[in-house]
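Reading the structure
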Amino acid sequence: MGILGECSLATARELLLLLTHRGQDASGLLWRDNGEFSESKTMGSPAGIDVPDTTSTLILGSTRYPTSGRRVVSNDELDRFVGPFRRGQLALTHNGNITNIPSITRDRYHCDTEFITVLLDQLIDKNDGSLPDAFREFDQFVDGAYSLVGLLGDKMFVYRDPHGFKPLVFGRAPGRIVVASESTVLDMAGVPLERDVYPGELLIFGHGGSMESHSISQNELHSHCFFEYVYFAHPAARIEGQLVYDVRFRLGRALAQEFKRRGLVPPDYVVPVPDTSRPAAQALAEELGVPMREIILKNRYLGRTFIAKSQRERDAMAKNKYIYLEDKIAGKNILVVDDSIVRGTTAKMIVADLRRRGASKVYFTVTCPPQDHPCYYGIDISTSSELIAAEAEEEQIAEFIGADALIYQTMNGLVNAIGLRDLCLACLNGEYPTEHARRIRAAVATNAGPPESRDYERVIE
Ligand code: SF4
């Protein structure tokens, strides 16, 4: 997130809270005050960021989801792992993941945001302070997903990689410009959404509302991450002109067609796994002509299992993640709707919980097709061994989670629901849009590497 224009730091922290679901490892705010950078970082949610009771006209904010570098385990590590990072007159933060750091430098970095800051600083120097020229060169070096927002002197800039993997939007109002991964931040800041930053586009904003747009790099086809629509983004976010809520609703409609095709006994209730799958469950219920009932309630005091630090922590969290409406379960046929099955941990637990409470049948539907390839672009599923669909067939997964039927979204259903042609679907079909990621996959196929390492942390010649 970036803000140019007068804003209190307390308000900036509130705006950053709207991105907490994108990363809960740690968070940070950085601001410029009389030409000097100051910053405050914390483990966990932005709510814990300590800020002085003052305003700034240049602010960056970041919530960390560690696809690069390890988890933050103590306050001493915040400076090393958590953005925004700074170097001289440059400060920046980033969403995404660089796939080729070990293959282009022997220097060790704590995370890819630190690497980007150092590289960009060198390239700005080399190109006599020209950001457009620095980014032209930057794109020659790096492979991966990078939506960046930075400060250089008294300007704010944003850059989105040529594939446009990760969302990045901006808006302008008199006296204030806001950029963020999700449009909800702009809504709360009272700044109308102007548009998405185009893939390969550099925008440089100045005080007084000036904006320069530079087309740095062009790709005919873009690769917007489909998983943003299915899981990651807030339902009120608008990405590439699509309201995430509407996409999730259409995903439910498409799933209903799959359910009908199977000729199964109709359910008594459609039940969403909170919170992401609610719109899909609503649509499914409407299409099947049965009620939706929220009999699985979220324990709000836990984070997302997806973001947990280890399998042990994930298992412990999954156990305490949901609270059930006991009276509504016994003797019922229940159709559960979830957004994805990654490791299968949560699905297995939900089915067992419902059966223990007397459910007659449990159907499990998933708004996403089977994910059987790792993601190298900003979701921490970085090896195939973490994905149940990479190891097992659909019937085996149904058996593993204990469901009477398992119904996945189809590829067509997914693409039609999103309504965009230029999507990254690599974790579904193995077609990685970038050169280095394809080389990683080829190398992994012949040599799996150390089990503890992420595929993209290996040196690929
Ligand atoms: S591989 Fe999957 S999760 Fe990763 S960017 Fe592509 S679509 Fe998104």
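Report on the accompanying structure. (Residues numbered from 1 in each chain as written. Predicted model: local features only at pLDDT ≥ 70, side-chain atom pairs only at ≥ 80, totals over all residues. Heavy atoms only, no water.)

Along the chain, Asn95 falls in strand S6 (residues 90–98). By relative accessible area, which is 18% here, Asn95 ends up buried. Contacts of Asn95, omitting those with residues within four sequence positions, involve Arg22, Ala145, Tyr146, Ser147, Lys166, Pro167 and Ser181. (Helix = DSSP H or I, 4+ residues; strand = E, 2+ residues; numbered from the N terminus. Buried < 20%, exposed > 50% of the residue type's maximum accessible area, 1.4 Å probe, protein only. Contact = heavy atoms within 4.5 Å.)

Looking at the element boundaries, His224 is found in strand S14 (residues 224–225). Within the structure, the side chain of His224 is placed 3.4 Å from the side chain of Arg160, a separation counted as a polar contact. Engagement of the side chain of His224 in a polar contact is seen with the backbone oxygen of Gly164, the distance being 2.8 Å. Those residues in contact with His224 that sit more than four places away from it in its chain are Arg160, His163, Gly164, Phe165, Pro199, Glu240, Leu420, Asp422, Leu423 and Cys424. (Polar contact = N/O pair within 3.5 Å; in protein donor to acceptor, adjacent residues only side chain to side chain.)

The first and last C-alpha atoms of helix H8 (residues 244–262) sit 28 Å apart over 19 residues, in line with the 27 Å expected at 1.5 Å per residue. For H8, the set of buried residues is Val244, Val247, Arg248, Phe249, Leu251, Gly252, Ala254, Leu255, Ala256, Glu258 and Phe259. Following H8 by one or two positions, Gly263 adopts a phi angle in the positive range, close to 65°. (Expected span 1.5 Å × (residues − 1).)

To continue, consider the sheet that holds strand S17 (residues 269–272). A sheet is described by the order of its strands in space; here four strands give the open sequence S17-S20-S21-S22, paired in parallel fashion. With one partner strand each, in any of the chains shown, S17 and strand S22 (405–408) form the two edges of the open sheet. Along the sheet, successive strands turn relative to each other by an average axial angle of 20°, direction set aside. Here helix H13 (residues 394–401) sits on the sheet and contacts strand S21 (361–366) and S22; the angle it forms with S22, its principal contact strand, is near 125°. (Pairing = 2+ DSSP bridges. Axes fitted to C-alpha atoms, helices over the stretch in contact; angles between N-to-C directions.)

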